[in-house]
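Breakdown of the fold
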Amino acid sequence: MISSELISWYQSGHRKLPWRETRDPYRIWISEVILQQTRIDQGLPYYNRFIALFPDVFMLARARNSKVLKAWQGLGYYSRALNLHKTSKTIVNKYKGVFPEDYHELLKLDGIGPYTAAAVASIAYNKPYAVLDGNVARVISRLFAIRVPVNSATGKKILQQKANELLDGKRPALHNQAMMELGALICKPQAPLCSQCPLQSGCKAFNTGIELQLPVKQRNHVSQTIRIHYLLITDGQKIILSRRNSGGIWKHLFDFPAIELTTDKKLTVQQLQRKLKNYGITTFERSGSAEGLKHILTHRMLLADYSVIKTGKKLSKLRTTSNEKIVSVEDLKKYPVPRLIEKIIELAEIDRITRKRKPKAQSIRQLPVL
DNA sequence: AAGGCGGGGTA
DNA sequence: TACCCAGCCTT
């Protein structure tokens, strides 16, 4: 009943999107992972580039890890790209390149949770599994005036149950996409377009005038500020990159050697000299800098400074750690970096600095200036 | 059950 | 500012 209204509405005017033009489970999967916690407007160009680079699961499985991350650069939540790559290899090696159809089999794959498993199973294989994402949670919580927090365990259980009941078992692919489209276009968080909603008459929230109070969400995360000073250490030809190999933020992406500071303190000469001495740098010139670059993430705010450090020595003569890489400045753009680093590279005009420095080694100023 | 993980758009 | 987005993973 609800589903037929919903599907009619969907068919009369949904957005045309590339992953809706295919039944290829590979492409459906890629689109679903890209769209995890990501708006369609933001994900769409990434999807097109990604499919052009890696048209099938074999191409993806064969690709270098850095190339996959490079394709993901700027999209955030980089573990998605790592899991995507890992799972492509699983598909090739364990499933001979054919995506499993079974929901529970899909769930075993890295980076595939309840939502994505249901999405792939239903959209690619038309299996009767109801998706529950942010859109669907909002639609259902309003439809039935459910006040249980949608991000609590019990809330999810209740919503999933309702989603299962609503599902059109004969047309799960259409039904699921219609639910999400309704949430995105009509049942919006801020200003829902109830007058245009095909489910208006049966919507408990609308009928009682509480649609703006739903859905209920718990938790307000505090964001902490972190100050970090990046060092762009260059001899005029090459520069030091640092590969982030911790389990934390920007895993497996590259940034620059850095000094972490407490929020209200700036870098001191002593800190800089000590850090540089670890590399074996005793004479240098600080040829460029900026401070107070704001980079806002969901759970923290980074306040970034940087200094361009021109060394007297060739970088190849320096002591670097195993996670650090000395790369030529022209190759810098080949490495996957977070947005903040991308911005710093642009701001610091690294290539201009190196061109200027080319002519003669004796022009090096050996004054430590701050 | 709670917290970590990006980046950009919107009000 | 705060919230939201075709969520998942670890602890």
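Residues numbered from 1 in each chain as written. Chains lettered and ligands numbered in written order. Predicted model: local features only at pLDDT ≥ 70, side-chain atom pairs only at ≥ 80, totals over all residues. Heavy atoms only, no water.

**Side note on the protein's contact with DNA strand C**
Rule in force here: By convention in this text, a residue qualifies as near a molecule or strand provided that one of its non-hydrogen atoms is within 4 Å of it. Throughout this description, a polar contact denotes any pair of N or O atoms lying within 3.5 Å of each other; where both atoms belong to protein, one of them has to be capable of donating a hydrogen while the other can accept it, and for residues adjacent in sequence the pair is counted only when both atoms sit in side chains. Numbering of helices and strands starts at the N terminus; helices are DSSP runs of H or I of at least 4 residues and strands are runs of E of at least 2. Only Asp, Glu, Lys and Arg are considered charged, only Ala, Val, Leu, Ile, Met, Phe, Trp, Tyr, Cys and Pro nonpolar, and every remaining residue, Gly among them, polar.
Surveying the vicinity of DNA strand C reveals 24 residues, the closest of which are Arg39, Gly111, Thr116, Asp133 and Arg138. Take Glu32: an N or O atom from its side chain is 3.4 Å from a base nitrogen of DNA strand C. Taking Gly113, its main chain carries an N or O atom lying 2.8 Å from a phosphate oxygen of DNA strand C. Elements supplying a minimum of two residues to the surface near DNA strand C: helix H8 (114-125) and helix H9 (134-143). For the surface near DNA strand C, the class distribution of residues is eight nonpolar, nine polar and seven charged.

**Observations regarding the packing of helix H1 (residues 2-13) against helix H11 (residues 172-185)**
If you want to describe how two helices pack, look at the angle between their axes and the distance between the axes. Cut-off, in case you're wondering: For every element, the axis is a line fit to its C-alpha atoms; helices are fit only across the contacting stretch, and the angle between N-to-C directions ranges from 0 to 180 degrees. In what follows, roughly perpendicular refers to angles from 65 to 115 degrees, roughly parallel to angles under 35, roughly antiparallel to angles over 145, and oblique to any angle outside these ranges. Any pair of residues with heavy atoms lying within 4.5 Å of one another is described as a contacting pair.
At a minimum axis separation of 9 Å, H1 and H11 run at an interaxial angle of 75 degrees. With respect to H11, the element H1 is oriented roughly perpendicular. Across the interface between the two elements, Ser3, Leu6, Ile7, Trp9, Tyr10 and Gln11 of H1 pack against Leu174, His175, Gln177, Ala178, Met179, Glu181 and Leu182 of H11. Looking at the contact of H1 with H11, its residues break down into eight nonpolar, four polar and one charged.

**Structural notes on the protein's contact with DNA strand B**
Taken together, 22 residues form the shell around DNA strand B, and within it Ala153, Ile249, Trp250, Arg300 and Arg339 come nearest. Among the atoms of DNA strand B close to the protein, meaning within 4 Å, 54% are from sugar or phosphate groups. Between a phosphate oxygen of DNA strand B and a main-chain N or O atom of Trp250, the distance comes to 2.7 Å. Between DNA strand B and Thr298, the relevant distance is 2.9 Å, taken from a base nitrogen to a side-chain nitrogen or oxygen of the residue. By residue class, the composition of the surface near DNA strand B is eight nonpolar, ten polar and four charged.

**Considering the packing of helix H5 (residues 65-72) against helix H6 (residues 79-95)**
Heads up, the condition is: Two helices that cross are described as forming a left-handed crossing if the nearer one is turned anticlockwise from the farther one by less than a right angle, and a right-handed crossing if clockwise.
With their axes 9 Å apart at the nearest point, H5 and H6 run at an angle of 135 degrees to one another. In terms of orientation, H5 lies oblique with respect to H6. Of the two possible hands of crossing, H5 and H6 adopt the one that is right-handed. Every residue of H6 that contacts H5 at Asn65, Val68, Leu69 and Trp72 is listed here: Arg80, Ala81, Leu82, Leu84 and His85.

**Comments concerning H11**
Formally: Here, expected helix span is obtained from the residue count minus one, scaled by 1.5 Å. Buried residues are those whose accessible area, probed at 1.4 Å on protein chains only, stays under 20% of the maximum for their type, while exposed residues exceed 50% and partly exposed ones sit between those limits.
For H11, with 14 residues, the first-to-last C-alpha span of 20 Å sits near the 20 Å given by 1.5 Å per residue. With eleven of its 14 residues buried, H11 lies for the most part within the structure. Restricting attention to buried positions, one finds in H11 the residues Pro172, Ala173, His175, Asn176, Gln177, Ala178, Met179, Met180, Glu181, Leu182 and Gly183. Tucked inside the fold, the buried residues of H11 contact H1, H8, H9 and helix H10 (153-166).

**Quick word on unusual backbone geometry**
Backbone torsion omega between Leu214 and Pro215 reads 0 degrees, so that peptide bond is classified as cis. With respect to the helices and strands, Pro215 occurs in the loop between helix H12 (204-208) and strand S1 (224-234). Positive phi is not limited to glycine here, since Asn126 has a value of about 55 degrees. With respect to the secondary-structure elements, Asn126 resides in the loop between H8 and H9. Even without a glycine there, the phi angle at Trp250 is positive, about 60 degrees. Relative to the helices and strands, Trp250 resides in the loop between strand S2 (238-243) and strand S3 (254-255).

**Let's talk about the domain arrangement of chain A**
Convention followed: Domain start and stop positions are those given by an automatic or database domain assignment. As a working definition, buried area equals the accessible area (1.4 Å probe) given up by two parts on being put together, with both sides summed. Definition used for salt bridges: Asp or Glu carboxyl oxygen within 4 Å of a side-chain nitrogen of Lys or Arg.
Along its sequence, chain A is organised into domain 1 (2-213) and domain 2 (224-363). Taking only C-alpha atoms, the centre of domain 1 and the centre of domain 2 are 39 Å apart. With both chains or domains summed, domain 1 and domain 2 bury close to 810 Å², and 63% of this area falls on carbon and sulfur atoms. Of all residues in domain 1, Lys70, Gln73 and Tyr78 give up the largest surface area on contact with domain 2, accounting jointly for 53% of the area buried on that side. Viewed at the interface, domain 2 and domain 1 are joined by zero salt bridges. Taken together, the connections running from domain 1 to domain 2 amount to four residue pairs in polar contact (both at pLDDT 80 or more). The dominant element in the side of domain 1 that touches domain 2, judged by the number of residues it contributes, is H5, at four residues. Residue composition of the side of domain 1 that touches domain 2, grouped by class: three nonpolar, four polar and one charged.

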